Amino acid sequence: MKRVSAFSVFKSKKEVEPQNDIDRSTIRRAASTPAVNVNDDKKTDGRSKKILRALKSGSLRQSLRGTPKIRPSILKMRESGPVAGDGDTVKLTSLRASNSDLTNDSTPAVASKSHKEKLSSASLRQDTPKVPQTTIIKPRRKMHSGTNPLPPKGKVQSQSKPPIDSSQSSGKVKPRSVKDENSSEPQIKSPKSPASKENSSPKLGKEGESPNSRSTQKKTKRHHNSAENGTPSKKKKSENSKSDQFECSTEEIEQAMDFAEETVMENSNLPYMHDSTMEAKRIFECLIHPVKPDKFFKELWEKKPLLVKRHMKQYNDGWFSTAELDRILREENLQFSVNLDITTYTNGVRETHNPVGRAYAPVVWDMYQSGCSVRLLNPQTYSRNVWKLLSMLQEYFGCCVGANTYLTPPGTQGFAPHFDDIEAFILQLEGKKHWRLYSPRSDAEKLPRFSSGNFTDVDLGEPILEKTLEPGDLLYFPRGTIHQAKTVGDEHSLHITVSCYQKNTWGDLFEKLMPRAVQLAVEEDVEFRKGLPRGYLNFMGVANSDVDNPQRKEFLRKVEQMMMRMISNAPVDAACDQMGKQFIHDSLPPVLSEAEKSCSIHNGGEKWDKQKSQVVGATEIEPDTAIKIVRKGILRLLTEEDEVRIYHTLENARLYHKVDPQYIDVEAEVASAVEFLIHSYPEFVSVENLPLPTLEKKLEIATSLYEKGLLITGEPLTSLDDDSSCDN
């Protein structure tokens, strides 16, 4: 049977049915987030992933020389004017945002279609035909002298994927020095109940052992002392050994996020970021090290706090610093109440002391000297390292990931006890801070959708965790965990709070799903259009809720049957696409390395030559050009308003919702090619292998996406000027 794209059904419908006029004034936008598939294959290492590299097998440059560059017509042109969401007022939110700031009453825009056709057109086919591909081992950051080089440029030769030899992988973790921080072991603490808040289990693992070379290195035996009596605990070792195999040093974290120091294989410009989902997974592993992600999500996520005492003060270095805050205050136009808050909490009273206007550095530091805490609401806008961290973690969580930084003077507290509507990861950067965590006061406050107001000590019970964070430590706690923190001693404290999963729940999905499900049920099922029973108000309602009436029982049975009929045909994929659309709007743009820029529109193609006083460096996408999307989570393909659209993050601002949702309208017949690129990620595919009927269509969609910055090539495109000079 011939495989077809889900969008081919959508296309055929558009050709048969005339497009209905839609009252766009009644259409409203959606809000929230999708998920990213993470490959948990243990054999795959962050530094030893494979990458495709198509070797040139021919060229159209000869026929293109001297011909003006043809711009593709595959993208639908939008009329100039406002895009979706122009009428909405968007406000920068933070961990302590008010309910009004967090409320988004927008709903998905839908066109009137039959349910089956709409659902088919809204979903992405998983059986898009795959094509044979030539593969090579991805270049490492550091190449050993014995590594086999890439084959020379030439025609593509079919070959099977070579196995990865983990013993020769260059992605080795440098062993920690025995002298570092007195060789103190990280401690992991997770309170199970108020009575066991002091329980802890030391870090288990193999000192100085690389994950890629454990089979060749001698295993070091270590004794693990119990947190209570200091005696060895074999039971703990057997229980936790699986979660402590990931060795991650500070140098590895820095290198993982330091794009400036990336290296590429000789005679190749292939970018390091081969698979963004695997890189994101690796960053998260470093973040919660030595706890394994599987253990974290099974036992701790949305359940209880986690404290990791690393006794390695430089572990969190590089993300942010007080010196960087000073630089930002002096170089950037930060506004009080928008980008920065000045707060105090004294004698049980929480106050905000924000002046009006720009936050000049001398004014901020004067307030700090007076005992005020400084909260930077959007450090990712001004700090490249924070931007890198959050842009990777949003790939991992599949939802918006934000951050605040908190600078607190010695011996002070800036905020009252409260709980937040986000999952919080506290990274202690400088100084010490004493934290007290409390369980939610009731089931209604567990995993809340909105942050609380300020509590007093009278509102709180006994803390479930009370510990002092030092530089390098990590503290995680779920939504709804009441918390407060205060600096200790005569030194300041600086920490960054990484937040995620705000309005990313089943309830948020059903808020998008149910209105459309009701609408489709009424349109397509005559049972939903039949009248209610005569006199139903005589036996229904609160006043009749305790009455044992046969008519009432029959009415309730009918409601249950109708609900089941509606849910069975609910447009789940379309609702998830609307969550994905909101995620794309909420997301940060990707951080591209210099290697990636050289293989994309961002640093390739035509340039102005000052000496020649003319444009040089013209390039063209060719049938044998190897392409892939820049990041797994950079775009979302969906149908909306009888159009096929590609929503993307590339042109988003680093300030939350500063720009409207960015999208591209494409013809329905080329949607299968976009699906193919999404499903092929992280592998490169050649343009000629895109599942479209003609070569012209393949080149048009590839060129269109490349020129929008959504694609990178296997290697920098060769300038047509270079080819001409070689022929002459």
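Predicted, not measured: the structure shown is a model, and the values here were computed from it.

Visitor: Teacher, can you tell me more about the overall build of the protein chain here?
Guide: Helix and strand counts for the protein chain stand at 18 helices and 24 strands. Expressed as a percentage of contacts within the protein chain between residues at least 6 apart in sequence, the contacts between residues at least 24 apart total 84%. For the protein chain, the accessible surface area stands at approximately 35100 Å², while carbon and sulfur atoms represent 50% of it.

Visitor: Which parts of the structure should I look at to understand the nonpolar core?
Guide: Across soluble globular proteins, nonpolar side chains show a tendency to be buried alongside one another. With 54 residues, the main nonpolar core has Phe-284, Phe-296, Leu-329, Leu-340, Leu-393, Phe-397 and Phe-425 as its most contacted residues. The leading source of residues in this core is helix H11 (residues 384-397), at eight residues. Other than its neighbours up to four places away in sequence, Phe-284 contacts Pro-293, Phe-296, Phe-297, Leu-393, Tyr-396, Phe-397 and Phe-425. The next biggest cluster of nonpolar side chains, apart from the first, holds 37 residues, and it includes Leu-637, Val-670, Leu-677 and Val-685.

Visitor: Even after reading the chapter, I still don't get the confidence of the model for the protein chain, so can you show me in this structure?
Guide: In low-pLDDT regions, the fine details of the predicted coordinates are not to be read closely. Here the protein chain shows a mean pLDDT of 74. Residues at 70 or above account for 62%. Below pLDDT 50 for its whole length, residues 9-67 participates in 184 contacts with residues either more than four positions away or in separate chains. The model gives residues 255-271 a pLDDT under 50, and that stretch makes 50 contacts with residues more than four places away or in other chains.

Visitor: Is there a simple way to explain the pattern of salt bridges in this structure?
Guide: As a working rule, side chains carrying opposite charge can pair if their charged atoms are close by. Scanning all chains against the criterion turns up 30 salt bridges. Across the pair Arg-327 and Glu-331 runs a salt bridge whose closest N-O atoms are separated by 3.1 Å. One end of the pair is Arg-327 and the other is Glu-331, both in helix H9 (residues 322-331) and four residues apart, which spans about a single turn. Judged by relative accessible area, Glu-331 falls into the exposed class, the value being 53%. Linking Asp-525 and Arg-565 is a salt bridge whose minimum nitrogen-to-oxygen distance equals 2.8 Å. One end of the pair, Asp-525, is in the loop between helix H12 (506-524) and helix H13 (550-568); the other, Arg-565, is in helix H13, and 40 residues separate them in sequence. Each of Lys-581, Glu-640, Glu-641, Arg-645 and Asp-665 takes part in salt bridges that share partners, so that together they form one network.

The rules behind each value
Residues numbered from 1 in each chain as written. Predicted model: local features only at pLDDT ≥ 70, side-chain atom pairs only at ≥ 80, totals over all residues. Heavy atoms only, no water. Helix = DSSP H or I, 4+ residues; strand = E, 2+ residues; numbered from the N terminus. Contact = heavy atoms within 4.5 Å. Areas by Shrake-Rupley, 256 points an atom, 1.4 Å probe, with all protein chains shown as cover. Core = buried A, V, L, I, M, F, W, Y, C linked by side-chain atoms within 4.5 Å. Buried < 20%, exposed > 50% of the residue type's maximum accessible area, 1.4 Å probe, protein only. pLDDT = per-residue confidence, 0-100. Salt bridge = Lys/Arg side-chain N within 4 Å of Asp/Glu carboxyl O.

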